[in-house]
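# Working through the structure, step by step
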Amino acid sequence: MQSRKTCVKCRTNGDLWTDEEGISFRGGLPHPAAALYGLTALLCSIAAQYLGQEVIEKMEKNYWSAAARELKNSRSIAFAGLVAAFSVLLESMPIYIMGPTLKIYFSFLFTALGGWVYGPIMGAMTGGVVDTVSFLLAGYGEPYFPGFFLSAVLAGFFTGLLLYRRPVSLWRVILLRVLVDFGVNVALGSVWKAMLYGKGYYYYLVSGLWKNALLLPVEVILIYLLLGFAQRQKLDKKYIHKN
């Protein structure tokens, strides 16, 4: 396991500062700090190279005030409940593409629609609820592991962060799925699986990479079509944020 403390901070240009370097490994399993370090580096790079000033604007008070107000909007809360219910249902109904090896859960569509409507704060909370309820209904006797709860919270948070109060665009959807699929599901998910099942971090990393790479185009196309339809029909303003 890692023996040195590592502190990561993101500069405005996307670079990273560390107080000490060198993260040690044992048995092919990196310390969770290593995965979090890599995810932080990815986020900083994305913010600096692709989003630029837009990310800085998102950190302004008005954005987060609006996101926080969603917690007081009864329509947003009701819609989050619908998103959670359909997500839990779809989590129990995977579509098998290549036998048990490759399957897709269409709950990501409701997660994306929810993040577009009510933002990162409620998105993170909804993700945590979906993970917990899904485990209680279909845990199959396995122990509850908080790492997957954290991954679900992060996925909901990043989905809202990239989609909330922003126009739908293909590059934004691609960026979202790359971040969630490879940053959260693969990088962090491989840490949690290695801790639970013991086959080694890189075993789950490699298998997760090719599976998510195959599913990425399908996810991007479906989310883009769904959010594009919702935006054209102004469903958000008609039913959730109508005056």
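In this report, the structure presented in the accompanying data block is examined. (Residues numbered from 1 in each chain as written. Predicted model: local features only at pLDDT ≥ 70, side-chain atom pairs only at ≥ 80, totals over all residues. Heavy atoms only, no water.)

The next point concerns the pattern of salt bridges. Counted under the stated rule, the structure contains two salt bridges. The closest approach of N and O atoms between Asp-181 and Arg-177, which form a salt bridge, is 2.7 Å. On the criterion of helical spacing, the pair formed by Asp-181 and Arg-177 is a turn pair, its members being four residues apart in helix α7 (residues 170-197). The same class applies to Asp-181 and to Arg-177, which are both buried. Across the salt bridge formed by Glu-219 and Arg-177, the nearest N and O atoms sit 3.3 Å from each other. Of this pair, Glu-219 sits in helix α8 (residues 201-232) while Arg-177 sits in helix α7, and the two are 42 residues apart along the sequence. Both residues of the pair, Glu-219 and Arg-177, belong to the buried class. (Salt bridge = Lys/Arg side-chain N within 4 Å of Asp/Glu carboxyl O. Helix = DSSP H or I, 4+ residues; strand = E, 2+ residues; numbered from the N terminus. Buried < 20%, exposed > 50% of the residue type's maximum accessible area, 1.4 Å probe, protein only.)

A separate point is the nonpolar core. If you look at the biggest cluster of nonpolar residues, it comprises 47 residues, and the most contacted ones within it are Phe-79, Trp-116, Tyr-118, Ile-223 and Leu-227. Counting residues per element, the ones that place at least two in this core are α3 (61-69), α4 (74-91), β6 (102-104), α5 (107-138), α6 (146-163), α7 and α8. Looking at this core, the element that brings in the most residues is α7, giving twelve residues. With near-sequence residues (within four places) excluded, Ile-223 lies in contact with Phe-108, Leu-109, Ala-112, Val-173 and Arg-177. (Core = buried A, V, L, I, M, F, W, Y, C linked by side-chain atoms within 4.5 Å. Contact = heavy atoms within 4.5 Å.)

On to the packing of α6 against α7, then. For the pair α6 and α7, the least separation of the axes is 10 Å and the interaxial angle reads 170°. Classified by the angle their axes make, α6 and α7 are roughly antiparallel. Together, Gly-147, Phe-148, Leu-150, Ser-151, Leu-154, Ala-155, Phe-158, Thr-159, Leu-162 and Leu-163 of α6 and Arg-172, Leu-175, Leu-176, Leu-179, Val-180, Val-184, Leu-188, Gly-189, Trp-192, Lys-193 and Leu-196 of α7 make up the contact between the two elements. Broken down by class, the residue content of the contact of α6 with α7 amounts to 15 nonpolar, four polar and two charged. (Axes fitted to C-alpha atoms, helices over the stretch in contact; angles between N-to-C directions. Parallel < 35°, antiparallel > 145°, perpendicular 65-115°, else oblique. Nonpolar A, V, L, I, M, F, W, Y, C, P; charged D, E, K, R; others polar.)

On to α6. Between its first and last C-alpha atoms α6 spans 26 Å; for 18 residues at 1.5 Å apiece the expected length is 26 Å, and the two agree. Within the span of α6, buried status applies to Gly-147, Ser-151, Val-153, Leu-154, Ala-155, Gly-156, Phe-158, Thr-159, Gly-160, Leu-161, Leu-162 and Leu-163. (Expected span 1.5 Å × (residues − 1).)

This brings us to the side chain of Glu-219. For Glu-219, a relative accessible area of 6% corresponds to the buried category. If sequence neighbours within four positions are ignored, Glu-219 has contacts with Phe-108, Arg-177 and Asp-181.

Attention now moves to the side chain of Glu-70. Mapped onto the elements, Glu-70 comes out in the loop between α3 and α4. Here Glu-70 is buried and forms no salt bridge, its nearest opposite-charge partner Arg-165 lying at an N-O distance of 6.9 Å. Setting aside its immediate chain neighbours within four residues, Glu-70 contacts Ser-76, Ile-77, Val-117, Tyr-118, Met-122, Tyr-164 and His-241. (Lys, Arg positive; Asp, Glu negative; His and termini not counted.)

You will see that Arg-165, though not glycine, has its phi angle at about 60°, which is positive. With respect to the helices and strands, Arg-165 occurs in the loop between α6 and α7. Although it is not a glycine, Lys-234 adopts a positive phi angle of roughly 55°. Within the secondary structure layout, Lys-234 lies in the loop between α8 and α9 (235-240).

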